[in-house]
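So you can see what is in the structure, the chains are spelled out below.
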Amino acid sequence: MLKLYKPQLKRRLGIAASSAVILALAAGVVPVHADSSIQFSDLPPAHWAYKTVQWAQEHHIVQGYQDGTFRPNQAVSEPEFLAMLLRAYPEAGIDKPSAGSPWYTPYYEAARAFGWPVEGSGASFTRGQVARLLAAVQGQSLSVNEAVQYVMKQGLANGKTTNTVEGFKAADSLSRAEAQTFIYRLKELQPALNQPAQAAKDWTLNGIQIGDAESRVISTLGQPDRKDASAYDFQWYVYNKNYNRFAQIGIVQGKVVALYANAGGWSSVSGAAVGVSKGQIKPESLGKPTGFPDSKQRWATYTSSSYETTLFFDTLDHNKIDAILLLQPGMKANDATRSESSQQELMRAYERELLDLTNVVRVSNGLKPLIWNDPISEVARAYSKDMGTRNFFSHTSPDGDSVRERFTKAGLMKSASSFGENIAAGYENAFYTHAGWVNSQGHRDNILREGYKELGIGVAFIKNSEYGLYYTQNFASFR
């Protein structure tokens, strides 16, 4: 068991950060180029999509497979559809991906520039999702049902059974044949793309900026996977379906006031981005250094008239930026007015966030994400409360119990094949706690241990205790 550096209790910092994210997606089978004169064995001239497929092939929008098939009924993923759509508009000027980047990266960069709603999933693309995207190309930011009505009215698509929202079958996967037909009709209606808005000079995250409306967040990223309390007046919209593009968007009164992510893809005029080393950024463009400097240089906070930015660094990996937090200036924590119930809600939010942050690190290192385990969390929560109540900080309680004894008393050792523990105290929220753990080799080793499968986290706030906030992270695998 490893003992975390015992931090001093700090005042809450005024912090902020943000950026623009390019998605990391699972690519499907990429077709090979086929000359337009080639006839596909599974697409006879009598097929309903024959002419549009031939048109798409002639314009190098779609390709066949090496076995001479087109596979018209095969489902299309979002990155595949984006590629087809943007190939229909050569003026979009899609570049080749940079070395080491996935093939679809330039298509997502273009989609973000145009402000199109993209999900970032390699799974099958639904007819409802494509309706939203087709409407967005026409300058319409609509819900799925609104988009379905819009594209049918414009003649871009027909219903599968009837020309109604229900008959459109928005939840059905989009097929390769349907994709070519939709793109053909769109190209007829709109021969050229509207130029994207001038690229934002400030921070963005997944195309979202401080000051954006909540409706734009939903139209761009979809509904959040979870909503969390924060230490401020805003609520976190958490997007964790794809850990390669994990993000938290802070929203209050229908407006974005905070951004956080420890996933890759941040972009700003400062040059700061997750994975970029400290020496490569332009700190003067971030504002003036502010807040309490960290003696271990694990984070730094800057304030300007537009943002309060905190960069979290990975001191074990060449001081690369590990995460970024952006706040609208003047955001104040509301600890003084928090009720007992809201305090507990905040602790539960920190627990779930620490699971997400841990999984982002694991996935980025080629490991499987950990699964939340309620019984383990109860053990972790009880131990965090015990440390605060009895004012000690150790992997061993004053009674001599270690994590093994705690697991045994909870009946978990009967089937546990491996287990581990990280603890922390005094850090003001999940972001700083995670930064402390990933910058400590032993705790980092626990986070990245391949054999662990499940995770339980317990956070406790104990008023008048030495450190206030106590964190316990228990890892385990079971036979």
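Predicted model, so just to flag it, every value in this text is computed and none were measured. Think of each chain on its own: its residues are numbered from 1, step by step along the sequence as written. Note on the predicted model: pLDDT of at least 70 is required for a residue's local features to be given, and 80 or more for side-chain atom pairs to be given and counted; whole-chain, interface and lining totals, by contrast, use all residues. Just so you know, side-chain values use all the structure's heavy atoms and leave hydrogens and water out.

**Describing the packing of helix H1 (residues 50-58) against helix H7 (residues 176-189)**
- In contact at an axis separation of 9 Å, H1 and H7 are set at 70 degrees when each is read in the N-to-C sense. As summarised for this structure, H1 and H7 are arranged roughly perpendicular, according to the angle between their axes. Judged by residue contacts, Thr-52, Val-53, Trp-55 and Ala-56 of H1 engage Gln-180, Thr-181, Ile-183, Tyr-184 and Lys-187 from H7.
- Taken together, the residues of the contact of H1 with H7 sort by class into five nonpolar, three polar and one charged. Inter-axis angles, ranging from 0 to 180 degrees, are taken between N-to-C directions of lines fitted to C-alpha atoms, where helices are fitted over the stretch in contact. Elements are defined by DSSP. Helices are runs of H or I of four residues or more, strands are runs of E of two residues or more, and each kind is numbered from the N terminus. The scheme is simple: roughly parallel for angles under 35 degrees, roughly antiparallel for over 145, roughly perpendicular for 65 to 115, oblique for anything else. Whether two residues are in contact is decided by their heavy atoms: any pair within 4.5 Å suffices. Here the term charged refers only to Asp, Glu, Lys and Arg, the term nonpolar to Ala, Val, Leu, Ile, Met, Phe, Trp, Tyr, Cys and Pro, and the term polar to all other amino acids, Gly among them.

**Considering the sheet that holds strand S10 (residues 416-425)**
- Strands sit in the order S9-S11-S12-S10 across an open sheet of four strands; the sheet is mixed. At either margin of the open sheet sits one strand with a lone partner, and together these are strand S9 (371-372) and S10.
- Bridge count between S9 and strand S11 (residues 454-461): two bridges; the pairing is parallel. Pairing of Ile-371 across the sheet is with Glu-454, part of S11.
- Contacts between helix H9 (residues 340-364) and the sheet are confined to S9, S11 and strand S12 (469-478), with S11 contributing the most and set at about 145 degrees to the helix. Pairing between strands is defined by DSSP: at least two bridges between the two strands are required.

**Points about the nonpolar core**
- Phe-81, Leu-85 and Trp-116 are the most contacted members of the largest nonpolar core, which has 51 residues in total.
- If you tally residues by element for this core, the top one is helix H4 (residues 127-137), at seven residues.
- Sequence-distant contacts of Trp-116, that is, excluding residues within four places in its chain, are made with Leu-82, Leu-85, Leu-86, Ala-111, Leu-133, Ala-136, Val-137 and Leu-193. In this description, a nonpolar core means a group of buried Ala, Val, Leu, Ile, Met, Phe, Trp, Tyr and Cys residues linked to one another through side-chain atoms lying within 4.5 Å. Accessible area is worked out with a 1.4 Å probe on protein chains only. A residue is then buried under 20% of its type maximum, exposed over 50%, and partly exposed in between.

**Observations concerning the confidence of the model for the chain**
- Looking at any residue, its pLDDT shows the predictor's confidence there, from 0 to 100. When pLDDT is averaged along the chain, the result is 85; 88% of the residues meet or exceed 70.
- Within the model, pLDDT remains below 50 along residues 1-36, and this stretch shows 155 contacts once partners closer than five positions in the same chain are excluded.
- Counting contacts from residues 197-201, a segment whose pLDDT is below 50, to residues more than four positions away or on other chains yields three contacts.

**A look at helix H5 (residues 144-154)**
- Those residues of H5 that sit buried are Ala-147, Val-148, Tyr-150, Val-151 and Met-152.
- Of the residues flanking the end of H5, it is Gly-155, one or two places downstream, whose phi is positive at about 80 degrees.

**Re helix H2 (residues 78-87)**
- Taken across its ten residues, H2 has nine buried, putting it largely inside the fold.
- Glu-78, Pro-79, Glu-80, Phe-81, Leu-82, Ala-83, Met-84, Leu-85 and Leu-86 are the residues of H2 that are buried.

**A word on the pattern of salt bridges**
- Any carboxyl oxygen of Asp or Glu that lies within 4 Å of a side-chain nitrogen of Lys or Arg is treated as forming a salt bridge with it. Considering all chains together, one arrives at 16 salt bridges under this definition.
- Glu-421 is the partner of Arg-406 in a salt bridge, and the nearest nitrogen-oxygen pair spans 3.0 Å. With Arg-406 in helix H11 (residues 403-409) and Glu-421 in strand S10, this residue pair connects regions lying 15 residues apart in the sequence.
- Residue classification places Arg-406 among the buried residues on the basis of a relative accessible area of 11%.

**Details of the packing of H9 against helix H12 (residues 430-438)**
- As a packed pair, H9 and H12 sit with axes 9 Å apart at the nearest point and diverge in direction by 40 degrees. By the angle class used here, H9 and H12 are oblique. The way H9 lies across H12 gives a crossing that is right-handed. On H12, the residues touching Tyr-350, Glu-353, Leu-354, Leu-357, Thr-358 and Val-361 of H9 are Ala-430, Phe-431, Thr-433, His-434, Trp-437 and Val-438. In a left-handed crossing the near helix is turned counterclockwise from the far helix by less than a right angle, and in a right-handed crossing that turn is clockwise.

**Regarding the packing of aromatic side chains**
- For Phe, Tyr and Trp, where Trp contributes only its six-membered ring, two rings pair if their centres lie within 6.5 Å, and the inter-plane angle classes them as stacked under 30 degrees, edge-to-face over 60, or tilted in between. Using the criterion set out here, one finds 21 aromatic pairs in the structure.
- Ring centres 4.8 Å apart and planes at 90 degrees place the aromatic pair Trp-299 and Tyr-432 in the edge-to-face group. In this pair, Trp-299 sits in strand S6 (residues 299-303) while Tyr-432 sits in helix H12, placing the two residues 133 residues apart along the sequence.
- Given a relative accessible area of 1%, Tyr-432 falls into the buried group.
- Consider the rings of Phe-312 and Tyr-432, whose centres lie 5.1 Å apart with planes at 65 degrees: the pair is edge-to-face. Separated by 120 residues along the polypeptide, Phe-312 in strand S7 (residues 308-314) and Tyr-432 in helix H12 bring together distant segments of the chain.

**Quick word on unusual backbone geometry**
- Its identity as a non-glycine residue notwithstanding, Arg-71 has a phi of 60 degrees, on the positive side.
- With respect to the element layout, Arg-71 can be found in the loop between H1 and H2.

**Topic: the sheet that holds strand S1 (residues 226-229)**
- Ordered by their spatial adjacency, eight strands build an open sheet running S1-S2-S3-S4-S8-S7-S6-S5, and the pairing between neighbours is antiparallel. Bordering the open sheet on either side are S1 and strand S5 (288-290), each of which pairs with just one other strand. The mean angle between the axes of side-by-side strands here comes to 25 degrees, regardless of whether they run parallel or antiparallel.
- Where strand S2 (residues 235-239) lies against strand S3 (residues 247-252), five bridges are found, and the strand directions are antiparallel. Pairing of Gln-235 across the sheet is with Ile-251, part of S3.
- On the sheet, H9 packs against S1, S2, S3 and strand S4 (255-261) and is oriented at approximately 125 degrees with respect to S1.

**Considering the side chain of Glu-308**
- Note that Glu-308 resides in strand S7.
- Assessed through its relative accessible area of 10%, Glu-308 is described here as buried.
- Counting of polar contacts relies on pairs of N or O atoms within 3.5 Å, with two restrictions inside protein: one atom must be capable of donating a hydrogen and the other of accepting it, and residues adjacent in sequence are counted only when both atoms are side-chain atoms. At a separation of 3.3 Å, a polar atom in the side chain of Glu-308 contacts the main-chain amide nitrogen of Gly-330.

**Re the environment of Thr-358**
- One can find Thr-358 in helix H9.
- Taking the relative accessible area as the measure of exposure, Thr-358 reaches 0% and is therefore buried.
- Along the primary structure Thr-358 and Leu-370 are separated by twelve residues, whereas in three dimensions their C-alpha atoms are 8.1 Å apart.
- Excluding residues within four positions of it along the chain, Thr-358 makes contact with Leu-370, His-434, Ile-447, Leu-455 and Gln-473.

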